[in-house]
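For reference, the chains in residue letters:
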Amino acid sequence: MDPNASSARIKQYVNILRENRNFRLLWLAQIVSEIGDWFYAVALYSLLLDLTGNAKSVGIAIVLQVLPQVFIAPMAGVLNDRLSRTRLMFLADIVRACVVLAMLLIRSEDMVWLIYLLLPIETIAWSVFEPGRSAVVPTILPGKHLVAGNALSAATWSFNLAIGATLGGIVAAMFGRPTAFMVNAGTFLLSAWFISRMNIHEAHIQNRPHFRLRELFDYTPVVDGVRHVRGDAKRASVLWLKGGLGLMGAHNVLLPVFGERVFPMTQVAPDGSGAGMLGMSLLMAWRGVGALLGPLVGALWAGENTRRMRVGIGLGFALTAAGYALLSVAPNPTIAGLCIAIAHAGSSTIWVFSTTLLMLLTDNRFRGRVFSAEYAMHFAMVSIVSFGVSTAIDMGTSPQDAALLMGLSILLPLGIWLAIQRVWKDAPDSSLPNDRNS
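The model shown is predicted, which means the values in this text are computed figures rather than measured ones.

**Section: the overall build of the protein chain**
No. 1: Along the backbone of the protein chain there are 17 helices and zero strands.
No. 2: Considering the protein chain as a whole, with its 438 residues, one finds that 58% of them fall into the buried category.
No. 3: Summarising the internal contacts of the protein chain: among those between residues at least 6 apart in sequence, 87% fall at separations of at least 24.
No. 4: Accessible area of the protein chain: about 17,600 Å², with a carbon and sulfur share of 65%.

Written as structure tokens, this is what we have:
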């Protein structure tokens, strides 16, 4: 790796944060809310495993966290293309803070139903927030900074995962799960405050008639969005990538199960109290390490070269497949963590490069719908594989065999991506186009 290129990229990150107030506020909101998210995830999944004793409870939770996004995506896309995206993100954060605080009421197995009721509400709020965030980024960053901005956001997410999962496991084990829930609720409120301070010219709502509720059920904008995607073969080829990446969604079940049952941290908690929770947080932290390194190295290597981004997507699928296949034979927590890091270095690289390419290929007025559709495909697949794997584990499939099958399944989207590269034969390979804010 060219040290000069590395230094230049780091300087670019610093300059973006120093000079672009809106991106800096969005980045700070991301930091606080995502660290809280991982406090919450460790506490929630360990709570379900403790109260029910079966992996399917986590699988159901994953489904309820992601499947509603498939159905809400058309409405979320319309909202983000017709209303202020910053206001929608602010409201979504407030709703999520209330939902997490309500989790404090769950104290016994008889109350698990409340978790299953609250999770879809949180998911709907997330489904409104994330497409808005993705649509805002190309508005506040010029095209030449998109790769660096997306890489920084992905690296931040990964850092937050590594730190949040580690601290979340420690805090929940030492002070109890309610503390982890309260920390997460507070981070959503702080995130909402950062969002409220952003000042963005939201051109997509200028000179438009007032929004009416019936527009949520008017699928003409959705059809227009589909036509926009179909109008460009390259755009269509990128849109499905996160759906293919959804095949590895079973890691949301596998990592908690591996932590609780395969690699509990009994050496730290020999009496068994909190050992599974700490094992889970350690493996999730390794996931964050890999997801941190992947985009940073990938961005340094690819720069603004779209051809390298496409090659990086293929390499990302290969790393993801190899990492989870190797996890199936990992003999100890350290080797398991390295395998997980390899897999998520690949998956996070795919996420960053596919997001950047889709931003550049999509006009501003369609971004809310396009990113909502992208998330819908991803989370539909995550729902299917998460529930399937959790059910298989409860029926006797070992976590190791489930990891191997998941790794092998990633070879399918890899093969498809390689096969459709011919649609890019006329694409520019040297640099990124300018922002498309039309």
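On we go from here.
**Concerning the packing of aromatic side chains**
No. 1: As enumerated under the stated definition, the model contains three aromatic pairs in all.
No. 2: Arranged with centres 5.2 Å apart and planes meeting at 90°, the rings of tryptophan 126 and phenylalanine 379 form a pair that is edge-to-face. Here tryptophan 126, found in helix H5 (residues 112–140), pairs with phenylalanine 379, found in helix H15 (residues 367–394); they are 253 residues apart in sequence, far enough to count as distant.
No. 3: Taking the relative accessible area as the measure of exposure, tryptophan 126 reaches 22% and is therefore partly exposed.
No. 4: Their ring planes at 55° and their centres at 5.3 Å tell us that tryptophan 193 and phenylalanine 194 sit as a pair that is tilted.
No. 5: By relative accessible area, which is 44% here, tryptophan 193 ends up partly exposed.
No. 6: In this structure, lysine 242 is placed above the aromatic ring of tryptophan 351, and the distance from its NZ or CZ to the ring centre is 4.7 Å.

**Some thoughts on helix H17 (residues 411–419)**
No. 1: Within the span of H17, buried status applies to Pro413, Leu414 and Trp417. In an axial view of H17, the angular spread of the buried residues amounts to 105°, which keeps them on one side of the axis. Along H17, the residues that are exposed and aim more than 90 degrees away from the buried face are Leu412 and Leu418.

**Thoughts on the environment of leucine 88**
No. 1: Within the element layout of this structure, leucine 88 appears in helix H4 (residues 85–102).
No. 2: Take leucine 88: its relative accessible area is 11%, and that puts it in the buried class.
No. 3: Counting along the chain gives 107 residues from leucine 88 to isoleucine 195, while the straight-line C-alpha distance between them is 9.8 Å.

**What to know about empty space enclosed by the protein**
No. 1: Throughout the structure, instances matching the rule amount to three cavities of 30 Å³ or more.
No. 2: Here the largest cavity defines a volume of roughly 1,300 Å³.
No. 3: Along the wall of the largest cavity there are 48 residues; nearest its centre are Trp38, Trp126, Trp157, Arg287 and Phe379.
No. 4: When contributions to the lining of the largest cavity are tallied by element, the ones reaching two or more residues are helix H2 (21–52), helix H3 (55–82), H5, helix H6 (146–175), helix H11 (251–262), helix H12 (275–302), helix H14 (333–361) and H15.
No. 5: In terms of residues, the lining of the largest cavity owes the most to one element, H2, which gives nine residues.

**Thoughts on the environment of isoleucine 393**
No. 1: Structurally, the position occupied by isoleucine 393 is in helix H15.
No. 2: Sequence separation of isoleucine 393 and leucine 254 is 139 residues, and the distance between their C-alpha atoms is 9.3 Å.
No. 3: Isoleucine 393 has contacts with Ala55, Leu254, Val257 and Arg261, leaving out every residue within four places of it along the chain.

**Observations concerning the confidence of the model for the protein chain**
No. 1: Here the protein chain averages 82 in pLDDT, while 87% of its residues score no lower than 70.
No. 2: Considering each helix and strand of the protein chain separately, the mean pLDDT is smallest for helix H8 (residues 220–230), with a value of 65, and largest for helix H16 (residues 399–409), with 95.
No. 3: Contacts of residues 427–438 to residues separated by more than four positions or lying in other chains number 36 contacts, the stretch itself having pLDDT below 50.

**Let's talk about the nonpolar core**
No. 1: Formed by 119 residues in total, the largest nonpolar core has its most connected members in Leu44, Met103, Met284 and Leu327.
No. 2: Not counting the four nearest positions on each side in its chain, leucine 327 is found in contact with Phe258, Ala336, Cys339, Ile340 and Ala403.

**Quick look at the packing of H2 against H12**
No. 1: Across the interface, H2 lies against H12 with an axial gap of 10 Å and an inter-helix angle of 140°. Comparing the axis directions of H2 and H12 gives the class oblique. Crossing handedness for the pair H2 and H12: right-handed. Where H2 approaches H12, its residues Trp38, Ala41, Val42, Tyr45, Ser46 and Leu49 are matched on the opposing element by Met277, Met280, Ser281, Met284 and Arg287.

**Description of a nonpolar patch on the surface**
No. 1: Among the surface-exposed residues, Phe159, Ile163, Leu167, Ile170, Met174 and Phe175 lie close enough to one another that they form a single nonpolar patch of about 590 Å² accessible area.
No. 2: Positionally, methionine 174 belongs in helix H6.
No. 3: Owing to a relative accessible area of 59%, methionine 174 belongs among the exposed residues under this scheme.

**Considering H16**
No. 1: Looking only at H16, the buried set comprises Pro399, Ala402, Ala403, Met406 and Gly407. For H16, the angular spread of the buried residues around the axis is 135°, confining them to a single face.

**Quick word on the packing of H2 against H5**
No. 1: Where H2 contacts H5, the axes come no closer than 13 Å and their chain directions differ by 160°. By the angle between their axes, H2 is roughly antiparallel relative to H5. The handedness of the crossing between H2 and H5 comes out as left-handed. On H5, the residues touching Asn22, Phe23, Leu26, Gln30, Tyr40, Leu44, Leu47, Leu48, Leu51 and Thr52 of H2 are Val112, Ile115, Tyr116, Leu119, Glu122, Arg133, Val136, Val137 and Ile140.

**As for the side chain of serine 348**
No. 1: Secondary-structure assignment places serine 348 in helix H14.
No. 2: Judged by relative accessible area, serine 348 falls into the buried class, the value being 9%.
No. 3: In this structure the side chain of serine 348 is engaged in a polar contact, spanning 3.3 Å, whose partner is the backbone oxygen of alanine 291.
No. 4: Among all residues touching serine 348, those that are not within four sequence positions of it are Gly290, Ala291, Gly294 and Pro295.

The rules we used
Residues numbered from 1 in each chain as written. Predicted model: local features only at pLDDT ≥ 70, side-chain atom pairs only at ≥ 80, totals over all residues. Heavy atoms only, no water. Helix = DSSP H or I, 4+ residues; strand = E, 2+ residues; numbered from the N terminus. Buried < 20%, exposed > 50% of the residue type's maximum accessible area, 1.4 Å probe, protein only. Contact = heavy atoms within 4.5 Å. Areas by Shrake-Rupley, 256 points an atom, 1.4 Å probe, with all protein chains shown as cover. Phe/Tyr/Trp six-rings, centres within 6.5 Å; stacked < 30°, edge-to-face > 60°. Lys NZ or Arg CZ within 6 Å of the ring centre and 35° of its normal. Arc of directions from axis to C-beta. 1 Å grid on protein atoms, 1.4 Å probe; cavity = no way out; pocket = protein on both sides within 12 Å on 5 of 7 lines; lining within 4 Å. Points joined across faces, edges and corners; volume = space filled by probe spheres on them. pLDDT = per-residue confidence, 0-100. Core = buried A, V, L, I, M, F, W, Y, C linked by side-chain atoms within 4.5 Å. Axes fitted to C-alpha atoms, helices over the stretch in contact; angles between N-to-C directions. Parallel < 35°, antiparallel > 145°, perpendicular 65-115°, else oblique. Left-handed = near helix turned anticlockwise from the far one by under 90°. Patch = residues over 30% accessible without salt bridge, like charges linked within 9 Å, V, L, I, M, F, W, Y side chains within 5 Å. Salt bridge = Lys/Arg side-chain N within 4 Å of Asp/Glu carboxyl O. Polar contact = N/O pair within 3.5 Å; in protein donor to acceptor, adjacent residues only side chain to side chain.

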